[in-house]
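Chain and residue survey
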There are 2 protein chains.
Amino acid sequence: MSRLNELRMIARVAQMYHVERQRQADIAKHLRMSQATVSRMLKKAQEEEIVRTTVVAPSGTYAELEAGLRARFGLTEAIVVECSEDRDGAIMARIGEAAAHFLEATLQPEEVIGVSSWSETILRMVENIHPMKSGKAKYVVQTLGGMGNPTVQMHANQLTTRLAKLTGAEANVLSAPGVAQSREAKLVLLGDPFVRETMELFGKITLAIIGIGAVEPSGMLARSGNVFSKRELADVTEAGAVGDMSLRFFDSDGKFVKTPLDERVIGITLEELAKVDRVIALAGGQTKTNAIDGALKTGVIDLLITDKFTAQRLVDTEGQRNAAE
Amino acid sequence: MSRLNELRMIARVAQMYHVERQRQADIAKHLRMSQATVSRMLKKAQEEEIVRTTVVAPSGTYAELEAGLRARFGLTEAIVVECSEDRDGAIMARIGEAAAHFLEATLQPEEVIGVSSWSETILRMVENIHPMKSGKAKYVVQTLGGMGNPTVQMHANQLTTRLAKLTGAEANVLSAPGVAQSREAKLVLLGDPFVRETMELFGKITLAIIGIGAVEPSGMLARSGNVFSKRELADVTEAGAVGDMSLRFFDSDGKFVKTPLDERVIGITLEELAKVDRVIALAGGQTKTNAIDGALKTGVIDLLITDKFTAQRLVDTEGQRNAAE
DNA sequence: GATTTAAGTGAATATTTATTCATAGGTGGA
DNA sequence: TCCACCTATGAATAAATATTCACTTAAATC
């Protein structure tokens, strides 16, 4: 019986605190006890489940999928965006918006941003960033050379420049092709002082924004603008690669896949990426699902922004192997 | 769209704070924002009803009835006890237990307790009090003389003495009948130095424990032990009295009813009672409902302890008149 | 386009809450 | 009955949270 009276009292205290929003000191005075006791009663009220706190996710948000992604891949954070249809265009737009919002909200002063320029999703992100008046970031560093024809390469530089302008940072473009003609050609290009200067900043990057690419005839070929030969692509596939970040490949287990191509790519390596404080990956879409799954397993990524359909597929995938790092 | 992203973020913060029980500073660090912002987001989460806190009353407690009583009668507190049947014996036992628990939990050091001795419910309370080793109260003052035959009078004194012993206080009994034979007899009795000493303490009482009596042939007559004549009782009834506290009467509107009897009663007055810091009334039962209703309307009572049946009747009673003081 | 108004931010600070500490009473075993 | 141990308490204090302040930027109005 005395326990019931005690619970009765606890319930009353909980009522006064949570519903009537009185301060503990006032409740204590009212009931002639110490504030410490009120605090303890409230703790007990939690334990006894006399007070219950529920967090309701607003519709259009996917807290559960996010939690699932975090748990499955050991991510620091995950953002799953609403998306009406499972179509690449729509998905990129939504991810870009969310990424822009996230960047604006969490960008630190003096940040060194690395951006793997050739990704349409990242482009969408940049389009959605509002100019920040007080220069927040320090440098924006392009982490992969331009791709394909000079026009597209120009575009990539512009993306970097624009992001730098929006964040009030200094732009460090990588005035080189993403893929050199040969190992020797790469060495020559690396001799350029501007290229070298930018690449030396790779180690200083505090926030990297990257896209994830899928390795499969259509995707890869389309993106590469024919800089890789069919033969080379076949090699990559045979080596087990399922996707790339900045043209660095990994397999479905998240293991890095070394290929002769590495010798020709001018851009950040996965090892360098792994050392960056925050690595944010932007990717979604049916065709990229496997690539994203592998990318997450590399342990390089801290935060993934994706769409609800892809998130669902990533969480569903039955692979008993335990998640990344 | 940005609003959705903001809500998404708020929901995530709420999740981290309420479910994962992380500190605001840690959440802030994780999401790269200031603790102040996290605090604000959590506030917003409340407003947006993303977090909901519910207080569930443990079964066997009647938070709603208590709230109803408080609202209707302007009480500081109300305690409604579980009770299996609407029968006086059972009700008194439960109220007594609850009162004992409440007293133990909230008794202040140096308290001067006034106790209107002749009430079976109060007796039950005293029976349930555990002895308090460290003398908590200062005095226990009997606020109404004994009633009826000397044996019963003795009993009343014992109740006071016992309560004093249990609370480690000094007992101040009122060695006089509760009702003198006449106005003159009362004056003589008041001349007694011990009686006077006790009555002078009435003004010092910080906590009064009283019962509520019903005015109706059976109740009143039974209690009075024939000290009041039929004629006198009829007068009281005609004056509109519905009940009494310490033999001081009031009507159904809570207005004090002065009667010739007042001249004969040796005990605390309602005016004196009104000045006491905490007045705790113990009463329940079908027959006392109207008396309790009137008593609460006097505005003298700060805290009522009653049973669920009586509480229900008190809250239900439709009297549009607005509640007490 | 200029100017006022409103809204949002982090650092500093005030306020509120949780915990530690010292103490006291209760409990159960020898 | 006495002792060891456990629990509960309030005062003091540590820790955590809310608010103020000064400032910046976005939006609204002229």
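Not measured: the values here are computed from a predicted model.

Here's the deal with the domain arrangement of chain A
Partitioning chain A into domains gives domain 1 (2-47) and domain 2 (63-316). On a C-alpha basis, the centroid separation for the pair domain 1 of chain A and domain 2 of chain A is 53 Å.

Quick notes on helix α11 (residues 230-238) of chain A
Residues and elements named next belong to chain A. Buried within α11 we find E232, L233 and V236. Projected down its long axis, α11 shows its buried positions confined to an angular sector of 100°, all on one face. In α11, those exposed residues whose orientation departs by more than 90 degrees from the buried face are K230, R231 and E238. Downstream of α11 by a residue or two, G240 has a phi angle that is positive, lying close to 95°.

Examining the side chain of D251 of chain A
Residue and element names in this part refer to chain A. Within the fold, D251 resides in strand β9 (residues 248-251). Buried charge D251 goes without a salt bridge, the closest partner of opposite sign being K255 at 4.5 Å. When neighbours within four sequence positions are excluded, D251 is seen to be in contact with G240, A241, V242, V257 and G294.

Looking at the interface of chain A and chain B
Facing the 51 residues of chain A at the interface are 51 residues of chain B. Buried area between chain A and chain B, both sides added, is near 4,200 Å², and the carbon and sulfur share of it is 58%. Counting the contacts that link chain A with chain B gives eight salt bridges. We note a salt bridge from E77 of chain A to R12 of chain B, for which the minimum N-O separation is 2.9 Å. Between chain A and chain B we count 14 residue pairs in polar contact (both at pLDDT 80 or more) in total.

Definitions and limits used
Residues numbered from 1 in each chain as written. Chains lettered and ligands numbered in written order. Predicted model: local features only at pLDDT ≥ 70, side-chain atom pairs only at ≥ 80, totals over all residues. Heavy atoms only, no water. Domains from an automatic or database assignment. Buried < 20%, exposed > 50% of the residue type's maximum accessible area, 1.4 Å probe, protein only. Helix = DSSP H or I, 4+ residues; strand = E, 2+ residues; numbered from the N terminus. Arc of directions from axis to C-beta. Lys, Arg positive; Asp, Glu negative; His and termini not counted. Salt bridge = Lys/Arg side-chain N within 4 Å of Asp/Glu carboxyl O. Contact = heavy atoms within 4.5 Å. Buried area = accessible area lost by both parts, 1.4 Å probe. Polar contact = N/O pair within 3.5 Å; in protein donor to acceptor, adjacent residues only side chain to side chain.

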